[in-house]
Amino acid sequence: MASGTALIYDDEMTSYKLLWDNPECDIEVPERLLSSYEQLKRYHLLERCVHVPVREGTEEEIMLVHSSEYLEVVKSTQTMNEEELRRVSGNYDAVYFHPNTYRCAKLAVGATLQLVDSVMSGKVCNGMALVRPPGHHSQRTAANGFCVFNNVAIAAQYAKRRYGLQRILIVDWDVHHGQGIQYVFEEDPSVLYYSWHRYERQQFWPLLRESDYDAVGQGKGKGFNLNVPWNKVGMGNSDYLAAFFHVLLPVAFEFVPELILVSSGYDSGIGDPEGQMNATPECFAHLTHFLMQLANGRLCAVLEGGYHLKSLSESVCMTVKTLLRDPLPQISGEMAPCLSAVESIQNVRAAHKPYWKCLMYEVPPVKTAAAIVSKADAHLLPISVQVEMEMNAQELKTLVSALDAELVKEERALLSLQNVVAILDKILKKKVCNGIAESSLASVSTTFALKHCFDFGLQRVLCIVVGDVDLELDLDDGKILLMNICQKQQTEKTNSKYHISLNWREDAERNNFFCAVLGFILPVAYSYQPDLMIIVIGPNRSLGINGISLLTCLLQGLAESRILVVIQDTEIKLVQSVAKTLSGVPAPDFGAYAPASQENVLEIKRLRNQLQQEWKMLRCSVRDWIFGS
Ligand code: Q9C
Ligand code: ZN
């Protein structure tokens, strides 16, 4: 087995910088390379490495990832004046060009390929390339986030071609999502891409939906894209290690890579102004050490971000020192991942369960999701309940306009849908089993939710409405079975197979409950065999919190427990109780059976007689059986 560590660096890559005032880009400075290199010298690490010269990446190599049109654009910046440079830079997100950028970008690609060649030829076992500009945000036809050419993506394509590799692992520990790398390999099962990144539920740059844990890859590449989104800042050593132990390492050992490329950004380290994370330089020694146990130790680390010069240079040194096989430093901090980290880890594991044997057996899926109006109340819900943000406004509009062109124009209606659609979407896509959504207009949101269900391909939805909520629905085709539990006598409406009203006066809740729920609602629901249930709670309800919770509990045997509870009035006690029930806690005590009033018994009896031919589980006497069939 090869030994030795390559270090690839050239002063020339410090020869470009930001020429004008732009606070978005002013952290990406030449000193990033200089200070890292100086620190390697100071620790006498440099002299222990094998020095490999840089070269320019060729046009052909650059075009392994980028289009020739884009290459020409970058090339053309060489001879531009400041004004022209500003204009081209403005065509991209968080990018600046300098007349030397093109030359440095080619050197960054070439340096990365020199490193790959040194490792693949056996000249060294591993190594690091200190390069600028970074690469992982750049895309086929776009510069992005200080990145011009995608050094690591090009290196992976190059290694596949030149060395016939079939499995390459890219580990992106930069604090930003390397969406550029994700896009290149999304459908490619020969490149496993792993990235953790500051995400904050899509509120952090680059603000992409596809940075979330559920972007698992596409087509043949399903399962080969692993995103660990950090939803809080301040992630530290134990959080990073936990993500390695519980996500990356098991999958990587199952994948059996032939080469590891590290998108080695240190903005995920302590002190970095972009990342706001807490991992100390020692952490990178440990991460490096774990990765060295794969792919026969063939590891190429390529610099990406890192903007706190001290933290950056110390972390670079820790990485190189570990590559040189020095003993590992002690890792600091309490070894306990935070709740938010564990939540992210659980989500990625669940999303990848179908693709990896190491995850298949023991991942408990998140069962219940909730979207509530007052986010401040989130802590009142059971800890196992996943609290969702409402859906992104644009995404919602797209979805709604596809199904209801009128609705999308009404701001208030749209607002009432946000929570409901967010939860329903999770249930339909089987990301969660059940959920609760608060909605200001339960009638509007439930009507839309039902449309969405059928558009998704569901056959039968059981809709139970408690209180006054008017749904304008077409109830003839049997795709919806609507049961109303209301206080007022519904005079004009007559009951039919798919639309049933139960009058229920609040004075005798408990008595009515057992008679109506056990004697009627459950038998009808079981006869119907829904594939989803929606329980809608409106105003003037004649059923209390305990009753609603027990009803929810009793219905969980149907539709694989797929239940969406829509609550119109924000009432945290109710949400709390239903959330508990949905997440598996036994229903609250409802007291012993009490007989119903004569009036109610008669009403239920009448309903049963009317409908037992349609809903055969209503039969409870030989007479019913004989006359009903
Ligand atoms: N207002 C790398 O670390 N920040 N790139 C944009 C938008 C851009 C980071 C802020 C950060 C780019 C390689
Ligand atoms: Zn970064």
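Structure first, text after, so check above.
What comes next is a walk through the structure. Every chain is numbered on its own, with residues counted from 1 as its sequence reads. Working convention: letters from A go to chains and numbers from 1 go to ligands, in the order in which they are written. This being a predicted model, a pLDDT of at least 70 is required before a residue's local features are given, and a value of 80 or more before pairs of side-chain atoms are given or counted; all residues contribute to the totals for chains, interfaces and linings. Only hydrogens and water are set aside when side-chain values are computed; all heavy atoms of the structure are taken into account.

**Some thoughts on the overall build of the chain**
Alright, step 1. The secondary structure listing takes helices from DSSP runs of H or I that are at least 4 residues long and strands from runs of E that are at least 2 residues long, numbered from the N terminus. Looking only at helices and strands, the chain features 20 helices and 16 strands.
Alright, step 2. Across its three principal axes, the chain shows a C-alpha extent of roughly 95 × 50 × 40 Å.
Alright, step 3. Counting across all 629 residues of the chain, residues that qualify as buried make up 60%.
Alright, step 4. What makes two residues a contact is simply this: any of their non-hydrogen atoms within 4.5 Å. In the chain, 75% of the contacts between residues at least 6 apart in sequence involve partners at least 24 apart.
Alright, step 5. Only four residue types enter the charge count: Lys and Arg as positive, Asp and Glu as negative, with His and the chain ends excluded. Here the site of a charge means NZ on Lys, CZ on Arg, CG on Asp, or CD on Glu. For the chain, the separation between the mean place of its 58 positive charges and that of its 73 negative charges on side chains is 6 Å. Buried means the residue's accessible area, taken with a 1.4 Å probe over protein chains only, is under 20% of the maximum for its type, while exposed means over 50%, and partly exposed covers the values in between.

**Things to note about the coordination of the zinc ion (ligand 2)**
Alright, step 1. Protein ligation of the zinc ion (ligand 2) involves Asp174 (OD), Asp174 (OD), His176 (ND1) and Asp267 (OD), the donor distances falling in the range 2.0 to 2.6 Å.
Alright, step 2. The donor set covers N, O and S atoms within 2.8 Å of the metal, switching to 3.2 Å for Na, K and Ca, and it leaves out water, so a site may look short of donors. Between the donor residues of the zinc ion (ligand 2), the gaps in sequence give the motif D-x1-H-x90-D. Across this residue pair, the class does not change: aspartate 174 and histidine 176 are buried.

**Focus: the site of ligand 1**
Alright, step 1. Being near a molecule or strand, for a residue, means having at least one of its heavy atoms within 4 Å of it. Surrounding ligand 1, one finds 15 residues, the nearest of these being Glu24, Gly145, His176, Asp267 and Tyr307.
Alright, step 2. Here a polar contact is taken to be a pair of N or O atoms separated by no more than 3.5 Å, where protein atoms must pair a possible hydrogen donor with a possible acceptor and residues adjacent in sequence count only if both atoms sit in side chains. With respect to ligand 1, the backbone of glycine 145 contributes an N or O atom lying 3.0 Å from a nitrogen atom.
Alright, step 3. Residue tyrosine 307 places a side-chain N or O atom 2.5 Å away from an oxygen atom belonging to ligand 1.
Alright, step 4. All accessible-area figures derive from a Shrake-Rupley calculation using a 1.4 Å probe, and residue coverage is judged against the displayed protein chains alone. Protein contacts shield 83% of the accessible area of ligand 1, which totals 410 Å² for the unbound molecule.
Alright, step 5. Under the scheme applied here, ten amino acids are nonpolar (Ala, Val, Leu, Ile, Met, Phe, Trp, Tyr, Cys and Pro), four are charged (Asp, Glu, Lys and Arg), and all others, including Gly, are polar. When the residues that make up the shell around ligand 1 are grouped by side-chain class, the tally is six nonpolar, five polar and four charged.

**Remarks on helix α6 (residues 151-163)**
Alright, step 1. Residue count minus one, scaled by 1.5 Å, sets the expected span of a helix. With 13 residues, α6 ought to run about 18 Å at 1.5 Å a step, and its terminal C-alpha atoms sit 17 Å apart, in line with that.
Alright, step 2. Turning to α6, its buried residues number three or more, namely Asn151, Val152, Ala153, Ile154, Ala155, Ala156, Gln157, Tyr158 and Ala159.

**Quick word on a nonpolar patch on the surface**
Alright, step 1. Note on patches: the residues involved have over 30% relative accessible area and no salt bridge, like charges join within 9 Å, and the nonpolar side chains Val, Leu, Ile, Met, Phe, Trp and Tyr join within 5 Å. By salt bridge we mean one thing: a side-chain nitrogen of Lys or Arg within 4 Å of a carboxyl oxygen of Asp or Glu. A surface patch of nonpolar side chains, amounting to about 500 Å² of accessible area, comprises Val622, Trp625, Ile626 and Phe627.
Alright, step 2. For phenylalanine 627, the location among the structural elements is in helix α20 (residues 622-628).

**With respect to the packing of helix α5 (residues 101-120) against α6**
Alright, step 1. Axis definition: a line fitted to C-alpha atoms, over the contacting stretch in the case of helices. Angles run 0 to 180 degrees between N-to-C directions. Relative orientation of the contacting elements α5 and α6 amounts to 40°, with a least axis distance of 9 Å. The angle between α5 and α6 places the two elements in the oblique class. The two elements α5 and α6 cross, and the hand of that crossing is right-handed. Across the interface between the two elements, Ala105, Ala108, Val109, Thr112, Leu113, Val116, Asp117 and Met120 from α5 touch Asn151, Ile154, Ala155, Tyr158, Ala159, Arg162 and Tyr163 from α6.
Alright, step 2. Partitioning the contact of α5 with α6 into residue classes produces 11 nonpolar, two polar and two charged. Orientation labels follow simple angle bins: below 35 degrees gives roughly parallel, above 145 gives roughly antiparallel, 65 to 115 gives roughly perpendicular, and whatever is left gives oblique. Crossing handedness is defined as follows: a turn of the near helix away from the far one that is anticlockwise and smaller than a right angle gives a left-handed crossing, while the clockwise case is right-handed.

**Examining the environment of isoleucine 181**
Alright, step 1. Its place among the elements puts isoleucine 181 in helix α7 (residues 179-185).
Alright, step 2. Residue classification places isoleucine 181 among the buried residues on the basis of a relative accessible area of 0%.
Alright, step 3. Along the primary structure isoleucine 181 and serine 35 are separated by 146 residues, whereas in three dimensions their C-alpha atoms are 27 Å apart.
Alright, step 4. When neighbours within four sequence positions are excluded, isoleucine 181 is seen to be in contact with His136, Asn150, Val152, Ile170, Asp172, Tyr193 and Ser263.

**Details of the state of the cysteines**
Alright, step 1. Cysteine sulfur atoms are paired as a disulfide whenever they come within 2.5 Å of each other. Following the criterion strictly, the structure yields zero disulfides and no others.
Alright, step 2. You can see cysteine 300 has no disulfide; the closest cysteine sulfur is in cysteine 125, sitting 9.7 Å from it.
Alright, step 3. Looking at the unpaired cysteine 620, the closest cysteine sulfur is the one in cysteine 515, lying at 11 Å.
Alright, step 4. By relative accessible area, cysteine 620 is classed as exposed at 57%.

**Quick notes on the sheet that holds strand β2 (residues 50-51)**
Alright, step 1. For two strands to pair, DSSP has to find at least two bridges joining them. Pairing in this open sheet of eight strands is parallel, and the strands run β2-β1-β3-β8-β7-β4-β5-β6 from one edge to the other. The sheet is open, and its two edges are formed by β2 and β6 (225-230), each paired on a single side.
Alright, step 2. Bridge analysis of strand β1 (residues 5-8) against β2 gives two bridges, and the strand direction is parallel. Counterpart to leucine 7 in the pairing with β2 is histidine 51.
Alright, step 3. Lying on the sheet, helix α10 (residues 309-323) is in contact with β1, β3 (126-129) and β8 (299-303); it crosses β3 at an angle near 160°.

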